[in-house]
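Residues per chain are reported as follows:
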Amino acid sequence: MYDEAYGAAIFYGTPIMENIIGAYCFYRISKPFMKNKRRAVYVGGAYFLIILTLYILPLRINAFTAYLIGVLAAFFVMCEADRRNYEQKAFLAVIFFSIHWFTYAMAEILYDRLYGFAENTDYMLAHSELWLLLYLTVSLIFLGMELLFMTVGIQCILRSYSYKYENMSKKELLILVIPPFMGVVGYRVIEYYRSFYIGQVGKSSAKYDFFSLLYYAVAIITVVVVIVIYQNIKAGQEEKLQNELLGAQVNSIMQHIEQAESLYEDIRSIKHDMTNHIITLERLYSGNKTEEAAGYGTELKTELSRITERIVSGNPVTDVILWEMQKKAEKKNICFDIDFHFPADSKINSFDISVILNNGLLNAIENTDKGREAHISVLSYRRNNAYMIEINNTFMGELRWDEEREIPVTSKKKKDAHGYGLANIRRVAEKYSGAMEIELKDGMFCLTVMLMTEQPF
């Protein structure tokens, strides 16, 4: 009697443990794609509660339908917990549903083969009192295999799915769900004929089970390969867009260089005429034409101020960039502080510094909180053989991080171009064996770029 009670506990407890495994795996696959990671618990919890309710209630529905309802419920909870990119969430639900059935079928085939082999051994035939232990052991092995297969499958999917924060279009969704959908259709066909064969013969065919396992393994691999191809296409699109953005910045910097050359041409012209200006002033004063001399001096001072007001860093290109960024910030009532000095005594290229300043300051101006305390600062300094650039701006919002690329993503940036500016800054830093660091502290967004020079200072 005790054996029957324990057997019933194992029989009814195994599906519950299986549902716990499924809920955990649904949590795992949805977590990296959600803005608030903690809310992924709700997704797994909703899935478990729905499946458990359908399991307890005396409803006449098969397991396939029950799990479909559970996945749909978890999908709606996922959409409610993170209201964006619904196509991607639909894709995740389809992927989980298909992976669940593939891994379940693989574990069930291995379970049947193992249990059938063990119960027919001479030892078990001679020790029938151990059947309960055998049943428990094989059930635990079944749960372990299902957890292992599903975890490995999901881990492969998460690793291959690099651009987790990129929006998915409806066309992309349609293309991506075809392989898992066809895989599930194949699963239904295989399971139907397998159940029919077992019902007719009393046991499954070893050859049939082998090819079934092969089919499910290939189905999982196909899903992963499709995701890899999709991500490679995304990477190509991103690289193309990043190159276009960099090309636009190159054109902008070329314009800065032309303006800098024009600026320094004006300065050379003033220097060339300075002797004539001094002689003119001396003649005006020697002729007691004080008012005319004062007026001439005022005009000369104004002209000199107009030309030299941009000179702050020691490099004509960065001078123009800093001056233009300062004007943009002032138009938005943002206080702009500059303590920047170009490393003229190093081999750091002015173009690379321009990429850092352009991207960093544009991001700062676009994302600075507009208010009484709106503030941006840019400074540079030396630390041994490292040249440091810091760009800080007031920022009271929240950052959403792209964990794969380790850069923040903000909603204020241009569609499909988020993060490219920071990616270009990091590329310049790595060119000089340096690094880029981003942090939020005391209501400030702080971007620090380190470039290594060839000699210590």
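This write-up is about the structure you can find in this document.

Cut-off values and rules
- Residues numbered from 1 in each chain as written.
- Predicted model: local features only at pLDDT ≥ 70, side-chain atom pairs only at ≥ 80, totals over all residues.
- Heavy atoms only, no water.
- Helix = DSSP H or I, 4+ residues; strand = E, 2+ residues; numbered from the N terminus.
- Contact = heavy atoms within 4.5 Å.
- Areas by Shrake-Rupley, 256 points an atom, 1.4 Å probe, with all protein chains shown as cover.
- Axes fitted to C-alpha atoms, helices over the stretch in contact; angles between N-to-C directions.
- Parallel < 35°, antiparallel > 145°, perpendicular 65-115°, else oblique.
- Left-handed = near helix turned anticlockwise from the far one by under 90°.
- Nonpolar A, V, L, I, M, F, W, Y, C, P; charged D, E, K, R; others polar.
- Salt bridge = Lys/Arg side-chain N within 4 Å of Asp/Glu carboxyl O.
- Buried < 20%, exposed > 50% of the residue type's maximum accessible area, 1.4 Å probe, protein only.
- Phe/Tyr/Trp six-rings, centres within 6.5 Å; stacked < 30°, edge-to-face > 60°.
- Lys NZ or Arg CZ within 6 Å of the ring centre and 35° of its normal.
- Core = buried A, V, L, I, M, F, W, Y, C linked by side-chain atoms within 4.5 Å.
- Patch = residues over 30% accessible without salt bridge, like charges linked within 9 Å, V, L, I, M, F, W, Y side chains within 5 Å.
- Expected span 1.5 Å × (residues − 1).
- Bend = angle between axes of the 7 residues up to and from the residue.

If you tally the helices and strands in the chain, you get 12 helices and seven strands. Within the chain, contacts between residues at least 6 apart in sequence are counted, and of these 72% link residues at least 24 apart. Carbon and sulfur atoms make up 60% of the accessible area of the chain, which totals about 25,300 Å².

This part takes up the packing of helix α4 (residues 86-119) against helix α6 (residues 131-160). Where α4 contacts α6, the axes come no closer than 9 Å and their chain directions differ by 150°. Between α4 and α6, the angle falls in the class roughly antiparallel. The interaxial crossing formed by α4 with α6 has right-handed handedness. Its residues assigned to classes, the contact of α4 with α6 comprises 20 nonpolar, three polar and three charged.

Inspection of every chain in the model, using the stated rule, returns 10 salt bridges. Two residues, E87 and K170, come together in a salt bridge whose shortest N-O distance is 3.1 Å. With E87 in helix α4 and K170 in helix α7 (residues 170-201), the pair connects residues that are 83 residues apart, well separated along the chain. The partner of E439 in a salt bridge is K441, with the nearest N and O atoms 3.7 Å apart. Classification of E439 as partly exposed rests on a relative accessible area of 31%. Using a relative accessible area of 43% as the deciding quantity, one classes K441 as partly exposed. Bridged by salt links that share partners, the residues D112, R113, R194 and D209 form one connected network.

Another point: the packing of aromatic side chains. The full count for this structure, using the stated rule, is 27 aromatic pairs. For the pair F64 and W101, a centre-to-centre distance of 5.5 Å together with 25° between the ring planes defines the contact as stacked. Within this pair, whereas F64 is found in helix α3 (residues 63-81), its partner W101 is found in helix α4, the two being separated by 37 residues in sequence. For W101, a relative accessible area of 3% puts it in the buried group. Note on F75 and F76: the rings are 5.4 Å apart at their centroids and 55° apart in plane angle, and the pair reads as tilted. Residue classification places F76 among the exposed positions, given a relative accessible area of 56%. Just above the ring of F33 sits the side chain of K164; from NZ or CZ to the centre is 5.9 Å. Note that R188 overlies the ring of F64, its terminal NZ or CZ placed 4.3 Å from the centroid.

What follows concerns the nonpolar core. Counting 66 residues, the largest nonpolar core has F26, Y47, F91, F102, Y187 and Y216 as the members making the most contacts within it. Looking at this core, the elements with two or more residues in it are α1 (2-30), α2 (40-56), α3, α4, α6, α7 and α8 (206-286). By residue number, the principal contributor to this core is α4, which donates 17 residues. Dropping the residues within four chain positions of it, F102 is found in contact with P180, G183, V184, Y187, Y216, A219 and I220. With 36 residues, the next largest nonpolar core counts L361, V378, Y387 and L451 among its residues.

Another point: a nonpolar patch on the surface. The grouping of I178, F181, M182, V185, V189, Y192, Y193 and Y208 at the surface amounts to a nonpolar patch, some 820 Å² of accessible area in total. Per-element accounting of the nonpolar patch gives the leading share, seven residues, to α7. Looking at the secondary structure, you find V189 in helix α7.

Compared with an ideal rise of 1.5 Å per residue, which puts 32 residues at 46 Å, α7 spans 46 Å between its outermost C-alpha atoms and is within 8% of the ideal. Remark: the principal bend of α7, roughly 35°, maps to I178, with a proline, P179, within the next four residues. Looking only at α7, the buried set comprises E172, L173, L176, V177, P180, G183, V184, G186, Y187, I190, E191 and R194. Where α7 ends, the next residue or the one after it, G202, has phi of about 100°, a positive value.

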